[in-house]
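Residue-level listing of the chains:
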Amino acid sequence: MSMLTPPGMGRKYRITGDKYPRMRRRRRRSRLVLGVVASVAALSLVGWGTLQLIDVFTGGGDEASAVGSKGDCTTKAGASPSASAVPLPKPGQITVNVLNATARGGLAKKTADELKKRGFKIGDVGNATATYDKKVKGTGVLLGPSTALKTSLPVLATQLASAETRTDTRKGAEVDLIIGTGFKSLTSKAAANKALAALNAPEPTATASKKSC
């Protein structure tokens, strides 16, 4: 009886020989899988390193080329008129009421005649209302609706530069020139025309218009 035969077992269950099966798992397949994974990882590292070297020697690839091309381009600033500029009316489109708030007679008519020569339409000519009569200390007040604040009133202001500009709740587009106690005469025609030309040609706004590479 072999030493491998358990006690009490007969011939049928006798184990003979000096070798017995080894209960070990096969490792050949797992080693193969690990080898493949290691190879793929090594190839990936090699490829990544190659790309990094290419980026170093080429200056960052396409992105760097794009940045470089932008850096080589120079932008020239161009001038363009402001798109939000409100078109101003011409003197012939403005009706002016000339009112005298001083104790000096004849100022309203004389001033109205001069404004008419300069192209303005003349409305009422006479004394100022009680609200302004003898109460305007400066050269005058330019009065009109709020809609005229950036249209008719700036044009009229070129004729009396030192006048104060105000608005009220009136209806219509007519404006008033109320002569004050400090009034001597309208702005000279040459200076008024120069101011009117500058008003109609505002300074252009600088914009980036051209690129040269």
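Refer to the structure above for everything that follows.
Here's what I pulled together on the structure shown here. Computed from a prediction, not measured in an experiment: that's the story for all the values here.

## What to know about the side chain of Asn97
Inspection of the secondary structure puts Asn97 in strand 2 (residues 95-100). The contact partners of Asn97, leaving out residues within four places of it in the chain, are Gly123, Asp124, Arg170, Glu174, Val175, Asp176 and Leu177.

## Details of the sheet that holds strand 4 (residues 140-145)
Pairing is mixed in the open sheet, where 5 strands are placed in the order 3-2-6-4-5. Edge positions in the open sheet fall to strand 3 (121-127) and strand 5 (164-168), since each of these has one partner strand only. Within this sheet the neighbouring strands show an average axis-to-axis angle of 20°, counted without direction.

## A few points about the pattern of salt bridges
A complete count under the given rule lists 6 salt bridges for this structure. Across the salt bridge formed by Lys109 and Asp113, the nearest N and O atoms sit 3.2 Å from each other. Of the two residues, Lys109 and Asp113 both sit in helix 3 (residues 107-117), 4 residues apart, roughly one turn of that helix. Note on Asp113: relative accessible area 36%, which makes it partly exposed. For Arg166, the salt bridge goes to Glu164, with nearest N and O atoms at 2.9 Å. With a relative accessible area of 32%, Arg166 lands in the partly exposed category. With a relative accessible area of 40%, Glu164 lands in the partly exposed category. The network of salt bridges with shared partners includes Asp168, Arg170 and Asp176.

## Structural notes on the environment of Ser188
For Ser188, the position within the fold is in the loop between strand 6 (175-179) and helix 5 (189-200). For the pair Ser188 and Leu160, spaced 28 residues apart in sequence, the C-alpha to C-alpha distance is 8.9 Å.

Thresholds applied
Residues numbered from 1 in each chain as written. Predicted model: local features only at pLDDT ≥ 70, side-chain atom pairs only at ≥ 80, totals over all residues. Heavy atoms only, no water. Helix = DSSP H or I, 4+ residues; strand = E, 2+ residues; numbered from the N terminus. Contact = heavy atoms within 4.5 Å. Pairing = 2+ DSSP bridges. Axes fitted to C-alpha atoms, helices over the stretch in contact; angles between N-to-C directions. Salt bridge = Lys/Arg side-chain N within 4 Å of Asp/Glu carboxyl O. Buried < 20%, exposed > 50% of the residue type's maximum accessible area, 1.4 Å probe, protein only.

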